[in-house]
Amino acid sequence: MTREEAEQLDAADPLAFARERFILPENLIYLDGNSLGALPRAVPAMLADTAERQWGDDLIGSWNKHGWIDWPTRVAAKLSPIVGAQTHELLIADSTSVCLFKLLGAAAHARPQRKTILTQQRNFPTDLYVAQGLAEMMGLQLKAVPADEVIGAIDADTAAVTLVHVDYRSASIHDMRAVNAAAHAEGALTVWDLSHSAGAIAIDLDGTACDLAVGCGYKYLNGGPGAPAFLFVADRLQNDLQSPLQGWMGHADPFAFEDDYRPARAINRFLTGTPSILGLAALEAGLDTFADVSMRDVEAKARILSQIFIDEVEMRCGAEVRLESPRDPRERASHVVFAHADAYAVMQALIDRNVIGDFRAPTLMRFGFAPLYNTHAQVVAAAEILADILIARSWDQPRFKDRAKVT
Ligand SMILES: Cc1ncc(COP(=O)(O)O)c(C=O)c1O
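Keep in mind that what you see is a predicted model, and the values were worked out from it rather than measured.

**Focus: the site of the ligand**
Logical step 1: Neighbouring residues of the ligand: 13 residues in total, closest Ser-97, Asp-193, His-196, Tyr-218 and Lys-219.
Logical step 2: Contacts to the ligand include Lys-219, whose side-chain N or O atom sits 2.6 Å from an oxygen atom.
Logical step 3: Within the complex, the protein chains bury 84% of what would otherwise be the 400 Å² of accessible surface of the ligand.

Written as structure tokens, this is what we have:
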């Protein structure tokens, strides 16, 4: 594809209007929105207003005057069309790891006769570590099987099946509907991590009968570094589940200051401590970048961008790299992974040329395509630059091999 052809696709892009909602440095090709979303244009003013006018002028009174106390549910409601859930099934709180601990703990506790938490091997580390810790504490076994064996491994001893919806390495997608159906047929609950799918592809939590889900606020949702996470609890389960991290914000009447815990009704029982208001302010602006955006358009563009990248890279320098993402676009979400023996150095050389992706040990280069702000022309240009670096071996320099703390 020529740059001109790519520019024609950009001119016809139904999501082109959303690019203006972000501040991105000129001449930078940012393909890492799957790790940290770009800065929404509205964030600086939103943070300044929350800090200066609300916190500065109205101080503690802001919990009532500006309704801070309800922001975890008010802001979460904006996620509803993005993940296909009812507004009252969503909450913004804590980090993804903590939300996962709460929901997985609640799920396992709700199936006391069952002794197995089922997951997949090579899952995202935090998901494995949370499950390992919980299993140990609750006297359960954590069973991790290859991704394509999960459905077959669900049995009458399975309390909960926990999976990352879109694999953080390969971008392959689990079939939510099929996993939920298989789990329910055996009486187990499902706990999904949507970190690499929320905001990248269309999700229908209610339509596919999901039980519980969590996800990152700072990736495709553009909530900023360390943004609070979100959690989903299906309406039908809310009053039966118990959070293992009980705190005063999840109490039925936090300001009664009672000695004994009484869970709030519905989703609020999954709150624990005081909401992070500045984090919520930025995340709200992040979620607003999805206003008037169809998730079908987002998913379609994600597939086109990733396919163009695969085709262009393989055509120009296919012998140098190996595709580690599914070749069938229907099995892939919004990022693409190529393997190269010196992936770290190649990625550093790319970053030096203003193309930002990331490296995942030991040999993977990961490129995330954020449909709200990445263009077709950028994708073609990134493939050209990658080919240039690989063919000229310009990555093979000591300055590109010095590992930073964060990769
Ligand atoms: C699948 C998945 N889950 C969770 C996380 C991070 O969790 P936390 O926000 O608690 O750091 C990531 C981060 O990249 C992730 O990829």
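**Things to note about the pairing of strand 5 (residues 116-120)**
Logical step 1: Of all the five residues making up strand 5, five are buried; the element is thus mostly covered by neighbouring parts of the structure.
Logical step 2: Going residue by residue along strand 5, you find Thr-116, Leu-118 and Gln-120 tucked away on one face and Ile-117 and Thr-119 tucked away on the opposite face as well.
Logical step 3: By the bridge criterion, five bridges tie strand 5 to strand 6 (residues 141-145) in an arrangement that is parallel. Across the sheet, Thr-119 pairs through a bridge with Ala-144, a residue of strand 6.
Logical step 4: Taken together, strand 5, helix 7 (residues 125-138) and strand 6 form a β-α-β motif whose crossover is right-handed.
Logical step 5: Of the strand pairs in this sheet, strand 5 and strand 7 (residues 158-164) are connected by three bridges, and their pairing is parallel.

**What about the sheet that holds strand 14 (residues 358-360)?**
Logical step 1: If you walk across this open sheet you meet the four strands as 11-12-15-14, and the pairing is antiparallel. Whereas interior strands pair on both sides, the edge strands pair on one side only; in this sheet they are strand 11 (322-323) and strand 14.
Logical step 2: Pairing geometry for strand 11 and strand 12 (residues 335-339), over two bridges, is antiparallel. Across the sheet, Arg-322 pairs through a bridge with Ala-339, a residue of strand 12.
Logical step 3: Packed onto the sheet, helix 11 (residues 295-317) meets strand 11, strand 12 and strand 15 (364-368) and runs at close to 25° relative to strand 12.

**Structural notes on the domain arrangement of the chain**
When the parts of a complex come together, some accessible area is lost, and that lost area is often used as the size of the interface.
Logical step 1: Domain parsing of the chain yields domain 1 (3-30 + 294-396) and domain 2 (44-288).
Logical step 2: For domain 1 and domain 2, the distance between their C-alpha centres works out to 30 Å.
Logical step 3: Opposite the 27 residues of domain 1 that make contact, domain 2 presents 18 residues.
Logical step 4: The largest per-residue losses of area from domain 1 upon contact with domain 2 belong to Met-295, Ala-333 and His-335, which jointly make up 34% of the total buried on that side.
Logical step 5: Between the two partners, domain 1 and domain 2, sit zero salt bridges.
Logical step 6: Where domain 1 meets domain 2, there are eight residue pairs in polar contact (both at pLDDT 80 or more).
Logical step 7: Elements that contribute at least two residues to the side of domain 1 that touches domain 2 include exactly helix 11, strand 12 and strand 15.
Logical step 8: When grouped by side-chain class, the residues that make up the side of domain 1 that touches domain 2 number 13 nonpolar, four polar and ten charged.

**Focus: unusual backbone geometry**
Logical step 1: A cis amide bond links Ala-361 with the next residue in sequence, Pro-362, at an omega value of 0°.
Logical step 2: Along the chain, Pro-362 falls in the loop between strand 14 and strand 15.
Logical step 3: The phi dihedral of Ala-209 falls on the positive side, at around 65°, and the residue is not glycine.
Logical step 4: Counting through the fold element by element, Ala-209 comes out in the loop between strand 8 (189-193) and strand 9 (212-215).

**Some points on the pattern of salt bridges**
Logical step 1: Enumeration according to the criterion identifies 21 salt bridges in this entry.
Logical step 2: Here Lys-65 ties to Asp-58 by a salt bridge, and the two come within 3.2 Å at their closest N and O atoms.
Logical step 3: The class for Lys-65 is exposed, based on a relative accessible area of 59%.
Logical step 4: Its salt-bridge partner being Asp-358, residue Arg-366 comes within 2.9 Å of it at the nearest N-O pair.
Logical step 5: A relative accessible area of 3% places Asp-358 in the buried class.

**Things to note about the packing of helix 6 (residues 96-109) against helix 7**
Logical step 1: Contact pair helix 6 / helix 7: the axes reach a minimum separation of 10 Å and the direction vectors enclose 40°. Regarding the angle of helix 6 to helix 7, the classification is oblique. For the element pair helix 6 and helix 7, the recorded crossing hand is right-handed. Where helix 6 abuts helix 7, its residues Ser-97, Leu-100, Phe-101, Leu-104, Gly-105, Ala-108 and His-109 lie against Thr-126, Asp-127, Val-130, Ala-131, Leu-134, Met-137 and Met-138.
Logical step 2: By residue class, the composition of the contact of helix 6 with helix 7 is nine nonpolar, four polar and one charged.

**Brief notes about helix 13 (residues 376-392)**
Logical step 1: Between its first and last C-alpha, helix 13 extends 25 Å over 17 residues, near the 24 Å set by a 1.5 Å rise per residue.
Logical step 2: Most of helix 13 is tucked away: 13 of the 17 residues are buried.
Logical step 3: Directly after helix 13, the chain includes Arg-393, whose backbone phi takes a positive value near 50°.

**Examining the packing of aromatic side chains**
Logical step 1: For the coordinates displayed, the defined rule picks out eleven aromatic pairs.
Logical step 2: Ring pairs connect the aromatic residues Phe-309, Phe-338, Phe-367 and Phe-369, which therefore count as one cluster.
Logical step 3: It is Arg-403 that lies over the ring of Tyr-344; its NZ or CZ is 4.8 Å from the centre.

**Observations concerning the packing of helix 2 (residues 43-58) against helix 10 (residues 277-288)**
Logical step 1: At their nearest, the axes of helix 2 and helix 10 sit 8 Å apart, and the two run at 145° to each other. As helix 2 runs across helix 10, the sense of the crossing is right-handed. Packed against helix 2, whose contacting residues are Val-43, Met-46, Leu-47, Thr-50, Ala-51 and Trp-55, the element helix 10 presents Ile-277, Leu-278, Ala-281, Ala-282, Glu-284 and Ala-285 at the interface.
Logical step 2: Among the residues forming the contact of helix 2 with helix 10, the class breakdown is ten nonpolar, one polar and one charged.

**A short note on the environment of Gln-397**
Logical step 1: You can see Gln-397 is positioned in the segment after helix 13.
Logical step 2: Distance from Gln-397 to Phe-257, taken between C-alpha atoms, is 62 Å for residues 140 residues apart in sequence.
Logical step 3: Within polar-contact distance, the side chain of Gln-397 engages the backbone oxygen of Ser-394 at 2.8 Å.

What counts, and where the lines are drawn
- Residues numbered from 1 in each chain as written.
- Predicted model: local features only at pLDDT ≥ 70, side-chain atom pairs only at ≥ 80, totals over all residues.
- Heavy atoms only, no water.
- Near = heavy atom within 4 Å.
- Polar contact = N/O pair within 3.5 Å; in protein donor to acceptor, adjacent residues only side chain to side chain.
- Areas by Shrake-Rupley, 256 points an atom, 1.4 Å probe, with all protein chains shown as cover.
- Buried < 20%, exposed > 50% of the residue type's maximum accessible area, 1.4 Å probe, protein only.
- Helix = DSSP H or I, 4+ residues; strand = E, 2+ residues; numbered from the N terminus.
- Pairing = 2+ DSSP bridges.
- Right-handed = clockwise from strand over helix to strand, strands pointing away.
- Contact = heavy atoms within 4.5 Å.
- Axes fitted to C-alpha atoms, helices over the stretch in contact; angles between N-to-C directions.
- Domains from an automatic or database assignment.
- Buried area = accessible area lost by both parts, 1.4 Å probe.
- Salt bridge = Lys/Arg side-chain N within 4 Å of Asp/Glu carboxyl O.
- Nonpolar A, V, L, I, M, F, W, Y, C, P; charged D, E, K, R; others polar.
- Parallel < 35°, antiparallel > 145°, perpendicular 65-115°, else oblique.
- Left-handed = near helix turned anticlockwise from the far one by under 90°.
- Expected span 1.5 Å × (residues − 1).
- Phe/Tyr/Trp six-rings, centres within 6.5 Å; stacked < 30°, edge-to-face > 60°.
- Lys NZ or Arg CZ within 6 Å of the ring centre and 35° of its normal.

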